[in-house]
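In case you want the letters, here they are:
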Amino acid sequence: MDANATTPLLPEVFEAMRPFWMEHYGNASSIHQHGQHARGAVEQARTQVARFLRCLNSEIVFTSGGTESDNLALFGVLSPESTHGEPAHLITTTIEHHAVLHAAEALEKTGVEVTFLPCTPQGLIEPAALQAAIRPNTKLVSIMFANNETGVIQPIAELAAIAHAAGALFHTDAVQASAKLPLDLSVEGPLKHVDLLTLSGHKIYAPKGIGVLFVRKNVRLAPMMHGGTHERQRRAGTENVACIVGLGKAAELANTWLSQESSDTPGAPSFASSAKGGMQEARTASNPAELTALRDRFEQGILSQIEETGVNGAGAPRVSNTSNLYFDHLEAEALVIALDLKGLSVSGGSACQSGAAEPSHVLTAMGLSPARARASIRFSLSRLTTNEEIDEAVKLIPAAVARLRELSPSWNRPKPVAV
């Protein structure tokens, strides 16, 4: 239950990739037949990702992952080469992934002015706050689509429209939104004002080490790396053919999954199952509505059994797979370890910040006290999470919380009186 950290490689994705590690290992820039076979595979994957995002093939730039894509978006727009040395202003938020936050801090050191927008207690960025922060020299606004810790979805279409009206470009880190929400970047689509968008392969059942930066036509982007003319001179380096193929296949599968609709009556979703070897396989969610139902049943099962527990981001729209719960009177790290020993993998927050001594910057930005932020756990389901696994988790977690609270000096439940 830690799919926001990473997802497993789907079997169909692995099978699509396998030949490009062994039989078809050509360099996609070579002109001989081995190279051209690799080039064809890269361009097919580019088409698959473009269909997934409803954009042009030429607007897809393959990178090494979400962090590189975020950095390329920010530095590509705000480097001295792009701004021609003129004063530039960046607007981002206090709840971004560190790939954006630390990039913004690095840009500050180069002379770029940066505004970090606050969020509401529900974790939302208000359009009025963005409107008030825009200046005449605002060049770029970067606001994440769905938060990696809470799953809260931002009103990206409205925020991007505000940026465009002021003449600024708009970037969104959609790593945790992709394959969970439809992303329509077409010129007439709901995201028509988004100029740059980040996604990462290993969050959508593709391999680690591959990502995409969508760069809308006519957006000028200075490269971060200098070398060959790969990716239309926007990202130098020999293409990672096998992983690009895997990302293309994962995007194709995500497109299909997002388009599925439940055939069951509302409130009583069924889950896909299949017979194999005479036995019934565990049931998994076959569409977003069913994954939401799994998530909600998980939350209801936990909240109904455990006192002084709640949902961080409750009341805001969230992606279908993410629950961030606080369990007062304990430390999240201890609960993560206790559940891991029982076979349940969860996270205290972003995997990129595991081991950090400070409480989550996302949760403290939402107004949680340091103690409550340190008592919060992220549960994130995958498309492969089963109904049975939810039942098992709902059994394991209350017992683990009860044991840890008994050791907590702040847990003052009445003790039974001996007779």
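A.B. asks: Explain the pattern of salt bridges to me, please; I cannot follow it from the model alone.
C.D. replies: Side chains bearing opposite charge may pair, as long as their charged atoms lie close to each other. If you walk through the whole model with that rule in mind, you get 15 salt bridges. Notably, a salt bridge pairs R378 with D2, separated by 3.2 Å at the nearest N-O pair. A residue pair is termed long-range when its members are at least 10 positions apart, and R378 in strand 12 (residues 376-380) and D2 in the segment before helix 1 (11-17) qualify at 376 residues. Across the pair K249 and E252 runs a salt bridge, and its minimum N-O distance is 2.9 Å. One end of the pair is K249 and the other is E252, both in helix 9 (residues 241-259) and 3 residues apart, which spans about a single turn. The exposure class of K249 is partly exposed, given its relative accessible area of 21%. On the accessibility criterion, E252 (32% relative accessible area) is partly exposed.

A.B. asks: In this structure, what is going on with the environment of A165? I would like to understand it.
C.D. replies: One can find A165 in helix 7 (residues 156-165). Remark: the alpha-carbon pair of A165 and L197, spanning 32 residues in sequence, is separated by 19 Å.

A.B. asks: Would you explain the sheet that holds strand 4 (residues 138-142) in this entry?
C.D. replies: Two modes of strand pairing occur in sheets, parallel and antiparallel, and in both the strands are linked by backbone hydrogen bonds. With respect to topology, 7 strands assemble into an open sheet ordered 1-7-6-5-4-2-3, the strand pairing being mixed. Sheet topology places strand 1 (60-63) and strand 3 (113-117) at the edges, where each strand pairs with a single neighbour. Across the sheet, the mean angle separating the axes of adjacent strands is 20 degrees when strand polarity is ignored. As defined by bridge partners, strand 4 adjoins strand 5 (residues 169-173) across 3 bridges and the pair is classed as parallel. Looking at the pairing, S142 lines up with H171 of strand 5. Here helix 7 sits on the sheet and contacts strand 4 and strand 5; the angle it forms with strand 5, its principal contact strand, is near 155 degrees.

A.B. asks: What is the right way to look at the side chain of R383 in this model?
C.D. replies: Tracing the backbone shows R383 in the loop between strand 12 and helix 14 (387-406). One buried charged residue, R383, remains without a salt bridge, the closest side chain of opposite sign being E12 at 7.4 Å. With near-sequence residues (within four places) excluded, R383 lies in contact with L10, A179, Y205, L253, A254, W257, T284 and A285.

A.B. asks: How should I be thinking about helix 10 (residues 288-303) in this particular structure?
C.D. replies: Count 3.6 residues to each turn of an α-helix, and residues three or four apart come out pointing the same way. Taking 1.5 Å of rise per residue, 16 residues should cover 22 Å, and helix 10 covers 22 Å from first to last C-alpha, within 8% of that figure. Here helix 10 has its buried residues at P288, E290, L291, L294, R295, F298, E299, G301 and I302. Against helix 9, strand 10 (309-311), strand 11 (322-327), strand 12 and helix 14 lie the buried residues of helix 10. With a side-chain oxygen positioned 3.1 Å from the backbone nitrogen of A289, the residue opening helix 10 is N287.

A.B. asks: What's the story with the sheet that holds strand 11 in this structure? I'm lost.
C.D. replies: Ordered in space as 10-11-12, the 3 strands form an open sheet in which the pairing is antiparallel. The open sheet has two free edges, formed respectively by strand 10 and strand 12, since each of these has just one partner strand. Adjacent strand axes in the sheet meet at a mean angle of 25 degrees when their direction is disregarded. Bridging between strand 10 and strand 11 involves 3 bridges; their strand directions are antiparallel. Bridge assignment links T309 to a residue of strand 11, and that residue is F327.

A.B. asks: Please clarify how the nonpolar core should be interpreted in this entry.
C.D. replies: A general tendency of soluble globular proteins is for nonpolar side chains to be buried together. Residues L53, F298, F327, F379 and I397 are the most contacted members of the largest nonpolar core, which totals 99 residues. Per-element tally for this core: the top contributor is helix 9, with 12 residues. Residues within four places of L53 in sequence aside, it is in contact with I60, L183, D184, L185, S186, L197, L199 and F214. Core analysis: the next-biggest nonpolar cluster, separate from the first, contains 20 residues, A73, L78, A103 and L196 among them.

A.B. asks: Got a minute to help me understand unusual backbone geometry in this structure?
C.D. replies: Only a minority of non-glycine residues have a phi that is not negative, and only a minority of peptide bonds are not trans. Positive phi outside glycine occurs at N218, with the angle close to 80 degrees. Here N218 lies in the loop between strand 7 (211-215) and helix 8 (230-233). One non-glycine residue with positive phi stands out, namely E308, at about 50 degrees. Tracing the sequence through the fold places E308 in the loop between helix 10 and strand 10. Overall, E308 belongs to the partly exposed group, its relative accessible area being 37%.

Conventions used here
- Residues numbered from 1 in each chain as written.
- Predicted model: local features only at pLDDT ≥ 70, side-chain atom pairs only at ≥ 80, totals over all residues.
- Heavy atoms only, no water.
- Salt bridge = Lys/Arg side-chain N within 4 Å of Asp/Glu carboxyl O.
- Helix = DSSP H or I, 4+ residues; strand = E, 2+ residues; numbered from the N terminus.
- Buried < 20%, exposed > 50% of the residue type's maximum accessible area, 1.4 Å probe, protein only.
- Pairing = 2+ DSSP bridges.
- Axes fitted to C-alpha atoms, helices over the stretch in contact; angles between N-to-C directions.
- Contact = heavy atoms within 4.5 Å.
- Lys, Arg positive; Asp, Glu negative; His and termini not counted.
- Expected span 1.5 Å × (residues − 1).
- Polar contact = N/O pair within 3.5 Å; in protein donor to acceptor, adjacent residues only side chain to side chain.
- Core = buried A, V, L, I, M, F, W, Y, C linked by side-chain atoms within 4.5 Å.

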